[in-house]
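Summary of structural features
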Amino acid sequence: TIEIKESTVLVILGASGDLAKKKLFPGLYGLERKCLLPEDFQVVGFAPDQISHEEFVNIIRSPVKLESPRFAEQLKQFCNRCSYVSGHEGGDKSFEALKKKLDEIGHGKKEQHRLFYMALPPSVFVPMSEQLKKHCYSEKGQTRLIIEKPFGHDLESSRELQRSLDPNWREDEIFRVDHYLGKEVVNNLLVLRFGNEIFGSIWNQRNIDNIQVSILEGKGAEGRGSYFNSTGVIRDVMQNHMIQILALLTMERPKSLSADDLCDQKVRVLDWIQPIKVEDTIIGQYAKSGDGEKPAFKDEEDVPDDSRCATFCAAIAHIDNERWNGVPFFLKAGKALNESKTEIIIQLKHSANANIFKDMVPNKLTIRVQPNEGVFLTVNTSVPSLTTSIEPMDLDLTYRDREIPEAYEALLLDALRGDYSRSVRGDELDASWKIFTPLLHHLDENEEEKPREYRYGSTGPEGLDEFVTSYQNRSKM
Ligand code: BG6
């Protein structure tokens, strides 16, 4: 394994914001608890707020739940690594203050590696990254920029963002986070596929009838109405999280697990995915719950009454290569649904032996990303009795009782070590935007494209079952 280099400093820009509070500090503290941080590793928080060191430490401590008193010592140790620089003066002055702090930390050391996590709105990525390059680039060590979606809102704006970063930051200095790549079960996809002949050998259109990937959320936009209204579910989770899952599910075996070999194969398969057509989608927006208790999307603050924002999307994707030709991929994502679940279903074809038994079901592999992580294979088994009836049962590989690392712990550790195998490469981003950009432009530009309403807490818009069945029937023709 690659180790974190000694004398590494992680600067969190936007240190008083939600991402830092809810994910980054808890993730770093998780690494501390697992004793994965080198002794002289330091964290610097940077934000416009004028807060004291104590107030900053409270931000770090507040989300941490101490399961046991013995962790209190480690939390204290972690807080001792952290310091805060206020950027309240703005412009060059703020970054000079940050540079001063970094120089102080690096004083007397042979080298110092600087990582900058942009926990900031994308509108300031470019100016901030220019300031960092100008003032804070490490003269005696490596420098890395860590950024997180949204990377633009379509293919062109994503390329534009890339072009703006290019003059200052090399591709190997940019770590793009997609937190789904840090989820344990997503991580397991490659092991399942390429580490088990039983799955590897059936992974193609001869054996698989269809594949379903769902990212379902029980909560609505809750307080993020304005952000969500300008984003919608396709940009929020499908173009990134879902596409990453799809790429890992369908790519060819990489030559090695190196970042380049992995990304090369992901890009290759994404290039085979046809841009999604509007007629292959169902777009929805949630209305009030049946009992009127839960609000409609349009009741959220800053969401206009005529919003056409998609809070639900079901889409069919096709991959035109030899392995996947003819297999429909049902992609479904939405907010305010009847359940919260991220799941992949690999539906196998009917067995050729189906005619000698009655009541057989085709095998099905269910990969549950969350909650209750696990992998289940539905097989036909004989019911223990004196008759010869058959029932489907699950071979069950649940993760119950196994400690599952948090996604941000995993990705922060990658970024600190400089392991890019779970960072999204620029050309992956391009390929994923190509799949959705024509659809997004069509939906944005055509006033008559109104989402279908569905009730908060329901399974989604009406017509969904017919939509799925019609594709299942087509694939059998
Ligand atoms: C984020 C989206 O990227 O992913 C959110 O912006 C969404 O809208 C979240 O709720 C889902 O992540 P998780 O880890 O809770 O499944």
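Residues numbered from 1 in each chain as written. Predicted model: local features only at pLDDT ≥ 70, side-chain atom pairs only at ≥ 80, totals over all residues. Heavy atoms only, no water.

1. Comments concerning the overall build of the protein chain
Along the protein chain, the regular secondary structure elements total 13 helices and 15 strands. Taken against the 2.2 N^0.38 rule, which gives 23 Å for 477 residues, the C-alpha radius of gyration of the protein chain at 24 Å falls within 12% of a compact globule. Summarising its shape, the C-alpha atoms of the protein chain cover approximately 80 × 50 × 45 Å along the three principal directions. Counting across all 477 residues of the protein chain, residues that qualify as buried make up 51%. Contacts spanning at least 24 positions in sequence make up 76% of the contacts within the protein chain whose residues lie at least 6 apart. (Helix = DSSP H or I, 4+ residues; strand = E, 2+ residues; numbered from the N terminus. Rg over C-alpha atoms; globule rule 2.2 N^0.38 Å. Buried < 20%, exposed > 50% of the residue type's maximum accessible area, 1.4 Å probe, protein only. Contact = heavy atoms within 4.5 Å.)

2. Some points on a negative patch on the surface
On the surface, a cluster of negative charge is made up of Asp 305, Asp 306, Glu 447 and Glu 448. As for its position among the elements, Asp 306 is in the loop between β8 (281–287) and β9 (312–317). The class of Asp 306 is exposed, set by a relative accessible area of 63%. (Patch = residues over 30% accessible without salt bridge, like charges linked within 9 Å, V, L, I, M, F, W, Y side chains within 5 Å. Areas by Shrake-Rupley, 256 points an atom, 1.4 Å probe, with all protein chains shown as cover. Salt bridge = Lys/Arg side-chain N within 4 Å of Asp/Glu carboxyl O. Lys, Arg positive; Asp, Glu negative; His and termini not counted. Charge placed at Lys NZ, Arg CZ, Asp CG, Glu CD.)

3. Details of the pattern of salt bridges
Throughout the structure, instances matching the rule amount to 27 salt bridges. Glu 428 serves as the salt-bridge partner of Lys 266, at 3.0 Å between the closest nitrogen and oxygen. Placement of Lys 266 in helix α10 (residues 259–272) and of Glu 428 in helix α12 (residues 426–445) is noted, with a sequence separation of 162 residues between them. What makes Lys 266 buried here is its relative accessible area of 1%. In this structure, Arg 422 and Asp 414 form a salt bridge, with 2.8 Å as the shortest nitrogen-oxygen distance.

4. As for the sheet that holds strand β3 (residues 82–86)
Pairing is parallel across the open sheet formed by six strands, whose spatial order is β3-β2-β1-β4-β5-β6. Lying at the two open borders of the sheet, with one neighbouring strand each, are β3 and β6 (174–177). Within the sheet, the average angular offset between the axes of one strand and its neighbour, ignoring direction, is 20°. Examined bridge by bridge, strand β1 (residues 8–13) and strand β4 (residues 113–118) share six bridges and lie parallel to one another. (Pairing = 2+ DSSP bridges. Axes fitted to C-alpha atoms, helices over the stretch in contact; angles between N-to-C directions.)

5. With respect to the layout of surface pockets
One way to see where empty space is left: roll a probe the size of a water molecule over the atoms. Computed from the structure, the second largest pocket encloses a volume of approximately 500 Å³. Along the wall of the second largest pocket there are 29 residues; nearest its centre are Lys 332, Thr 459, Leu 464, Asp 465 and Val 468. For the lining of the second largest pocket, the element with the highest residue contribution is helix α13 (residues 464–476), accounting for six residues. Classifying every residue of the lining of the second largest pocket by side-chain character gives 14 nonpolar, seven polar and eight charged. (1 Å grid on protein atoms, 1.4 Å probe; cavity = no way out; pocket = protein on both sides within 12 Å on 5 of 7 lines; lining within 4 Å. Points joined across faces, edges and corners; volume = space filled by probe spheres on them. Nonpolar A, V, L, I, M, F, W, Y, C, P; charged D, E, K, R; others polar.)

6. Considering the site of the ligand
Taken together, Lys 149, His 179, Tyr 180, Lys 183, Glu 217, Arg 224, Tyr 227, Asp 236, His 241, Lys 335 and Gln 370 are the residues near the ligand. Contacts to the ligand include Gln 370, whose side-chain N or O atom sits 2.7 Å from an oxygen atom. Coverage of the ligand by the protein amounts to 76% of the 390 Å² it exposes when considered alone. In terms of residue count, the dominant contributor to the shell around the ligand is helix α9 (residues 225–250) (three residues). Along the lines of polarity and charge, the residues of the shell around the ligand split into two nonpolar, three polar and six charged. (Near = heavy atom within 4 Å. Polar contact = N/O pair within 3.5 Å; in protein donor to acceptor, adjacent residues only side chain to side chain.)

7. Section: the side chain of Thr 231
Residue position: Thr 231 is located in helix α9. Residue Thr 231 is classed as buried on the basis of its relative accessible area of 13%. Reaching out from Thr 231, the side chain makes a polar contact with the backbone oxygen of Tyr 227 at a distance of 2.6 Å.

8. Considering the environment of Ile 215
Within the secondary structure, Ile 215 sits in strand β7 (residues 208–216). Judged by its relative accessible area of 2%, Ile 215 is buried. Sequence separation between Ile 215 and Lys 183 is 32 residues; the distance between their C-alpha atoms is 13 Å. Excluding residues that lie within four positions of it along the chain, Ile 215 makes contacts with Tyr 180, Val 237, His 241, Met 242, Lys 332, Ala 333, Gly 334, Lys 341 and Thr 342.

Function cannot be read off these values alone, since they describe shape.
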